[in-house]
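# Fold and contact review
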Amino acid sequence: MRRISIVVTSLITSLAMALSGFVFSPANASAPADGTYTCGDGTYTITTVNSVITFGEARTCTGPLVIPEGVTAISQYAFGYGGSGVTSVSLPASLNQISSLGPFYGTGALTAINVAPTNAAFTSVAGVLFGLDGASATLIAYPANKDGSTYATPESVSFAEQSPTPVTNITYYAFQASKNLTTLDISEGVTTIMSGIAESATLLSTINLPDSYTQMIGMPFSGASGITSLHIGKFLTSIEPGTFYQTGNLNSITVDDDNPNYSARDGVLFDNGQLNQLKLHTYPSGKNEPNYIVPDDVTHIESSAFNSTKVKTLSIPKSVSNIGLGVFQNASALTSFTVAGDNDDFSAIDGVLFNKPPTKLIAYPIANTANTYAIPSGAEIIGNSAFMSASNL
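Residues numbered from 1 in each chain as written. Predicted model: local features only at pLDDT ≥ 70, side-chain atom pairs only at ≥ 80, totals over all residues. Heavy atoms only, no water.

## Examining the sheet that holds strand S3 (residues 52-56)
Taking strand neighbours across the sheet as the criterion, the 5 strands line up as S1-S2-S3-S5-S7 in an open arrangement whose pairing is mixed. A strand with exactly one partner marks an edge of an open sheet, and here the two such strands are strand S1 (35-39) and strand S7 (97-98). As paired strands, strand S5 (residues 73-74) and S7 are joined by 2 bridges and run parallel to one another. Residue pairing in the sheet places Ile74 in a bridge with Ile98 of S7. (Pairing = 2+ DSSP bridges. Helix = DSSP H or I, 4+ residues; strand = E, 2+ residues; numbered from the N terminus.)

The following block contains the structure:
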C-alpha cells in the first residue's frame with residue numbers, strides 16, 4: 001500500500017506540473033514555461049526560441065516585478081512604448097541578453113532595476129543597470145522615476161563581485177523620460193553615447209561631457225527636449241549633421257577654445273573644416289534670435305543646420321558656396337531669405353531662396369504669409385522639400 005501511495009502521489013505531482021506548464025527535468029528544472037504570466041494588474045509573456053528564454057510584452061505590468069530565474073533574455077521594447085506602471089524590476093542570475101533597443105522604454109514609474117548578485121553579465125549600482133561588453137561596461141538604463149536631480153555615471157562597475165570594469169558606453173534611450181534628473185555628469189572614460197539617451201527627459205537641462213568623448217555620432221541628444229546648453233570639449237573631433245534634432249530648448253552651444261575642429265559664436269556651432277572652409281553646423285533650435293546674419297567667412301551651411309529653429313529672416317553672405325540637404329526643414333518661423341548680391345552661387349527673389357542664376361528653387365520660407373506663389377520664369381527645378389510645411393499656400 002505504501003508503494004502504491006508513492007506512485008499515485010508522483011503521478012498527481014507530474015500531472016499538476018504539466019498542467020501548469022512546467023516539466024521537471026534536469027535540463028529545464030529552473031526554466032519557466034512559455035506562456036502568459038501576471039505582474040500586478042497586468043501580464044507579460046515568456047517565449048522560448050532555440051533555447052533562448054525571452055521575457056517581453058510587459059506593457060501592462062504594474063508594481064514590483066521579479067523576472068523569474070531561468071529567463072535568459074529581455075526583448076526590445078519589452079515594456080512597450082509607454083504606459084507601463086512597473087515600479088521596480090529584479091533581474092535573475094540566468095539573464096545574459098538584453099536588447100539594445102529600449103528594453104525599459106516607457107517605464108515612467110520605474111524607480112530601480114536590481115540584479116541578482118551572481119549574474120556575470122549585468123549589474124546594478126544604486127538601481128541603475130549596467131551590462132558587460134567585452135572588457136568594458138555599458139550603462140543600459142537609468143530608471144525614469146528614480147529620485148535625485150543630479151547623476152554622475154561611475155567610472156567603473158563590478159560584475160558578480162569581480163574586479164571593476166570601466167564604463168565606456170551609454171546605450172540607446174538610457175535616460176529616456178527621466179522625470180527628476182536635471183544634471184547629468186558623464187564620467188571620464190566614456191567614448192560612445194548612442195541615440196536618444198535623454199529623449200523626453202524634460203527637466204534634464206545640463207549634460208556635461210568628458211574629454212574622452214571624441215566622436216558625436218548617431219544623434220545622441222535627439223529628443224532631449226529639456227537640454228538648454230551644451231559645452232563641447234577640446235578633444236571632440238566629429239559631430240554628425242542633425243545631431244541636435246528635436247532639442248527644442250537648446251539655446252546655446254559652446255566649444256573649448258583649444259578645440260581645433262569646432263568653434264562657437266554667439267551660441268552657434270561651426271565646423272572649422274579644412275582648406276579654409278568654415279561650415280555653419282548647428283543653429284540651436286531654442287535660440288530666440290529672430291533675424292540671423294550668417295558670418296561672412298562661412299563657406300558651407302551644413303545639412304539640418306536650421307532645422308526647427310525660430311529664425312524669422314536669414315541673411316546669406318557672399319562667401320557661402322554650399323548649402324546642405326534639409327537645412328531649413330521645420331523652421332516654422334522663417335519668413336524670408338536675403339542673399340548678398342555678389343554671391344556667385346545663391347540668390348533670393350521675393351524672399352525665396354534660389355541658386356544663381358535662378359534655375360532651381362531651393363527653399364520657400366515656411367512662415368511666408370502669402371497664400372499664392374508664382375514660380376518665376378526661368379526656374380526649371382524645384383528642390384527636395386522646397387515647399388514642405390508651407391501651410392499658408
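The structure having been displayed, the exposition proceeds.
## Digging into the confidence of the model for the protein
Low pLDDT means the predicted coordinates in that region are not meant to be read closely. Across the protein, the average pLDDT comes to 90, with 92% of residues at or above 70. Taken together, the stretch residues 1-29 has pLDDT below 50 and engages in 9 contacts with residues farther than four places along the chain or on a different chain. (pLDDT = per-residue confidence, 0-100. Contact = heavy atoms within 4.5 Å.)

## A look at the environment of Phe175
If you trace the backbone, Phe175 turns up in the loop between strand S14 (165-170) and strand S15 (183-185). Look past the residues within four positions of Phe175 in its chain and what remains in contact with it is Leu139, Tyr142, Tyr151, Thr153, Ile170, Leu181, Leu184, Ile197, Ala198 and Ala201.

## Points about the pattern of salt bridges
Counting across every chain of the model gives 2 salt bridges. The partner of Arg265 in a salt bridge is Asp297, with the nearest N and O atoms 2.8 Å apart. Of this pair, Arg265 sits in strand S22 (residues 262-265) while Asp297 sits in the loop between strand S25 (291-293) and strand S26 (300-301), and the two are 32 residues apart along the sequence. One salt bridge connects Lys287 with Glu289, and the closest N-O pair in it is separated by 3.5 Å. Lys287 gets classed as buried once you look at its relative accessible area, which sits at 12%. Residue class for Glu289 comes out partly exposed when judged on its relative accessible area of 25%. (Salt bridge = Lys/Arg side-chain N within 4 Å of Asp/Glu carboxyl O. Buried < 20%, exposed > 50% of the residue type's maximum accessible area, 1.4 Å probe, protein only.)

## Considerations on the sheet that holds strand S27 (residues 313-316)
Spatially, the 3 strands line up as an open sheet ordered S25-S27-S29, and their pairing is parallel. Only two strands of the sheet have a single partner each, and these edge strands are S25 and strand S29 (336-339). Going across the sheet, the axis of each strand differs from the next one's by a mean of 15°, ignoring polarity. Across 3 bridges, the pairing between S25 and S27 is parallel. (Axes fitted to C-alpha atoms, helices over the stretch in contact; angles between N-to-C directions.)

## So, the side chain of Ser195
Counting through the fold element by element, Ser195 comes out in the loop between strand S16 (192-193) and strand S17 (206-208). Residue class for Ser195 comes out buried when judged on its relative accessible area of 18%. Of the polar contacts made by the side chain of Ser195, one reaches the backbone oxygen of Gly218; its length is 3.3 Å. A distance of 3.4 Å separates the side chain of Ser195 from the backbone oxygen of Met219, its partner in a polar contact. Non-local contacts of Ser195, meaning those with residues more than four positions away in its chain, are made with Tyr172, Tyr173, Gly218, Met219 and Pro220. (Polar contact = N/O pair within 3.5 Å; in protein donor to acceptor, adjacent residues only side chain to side chain.)

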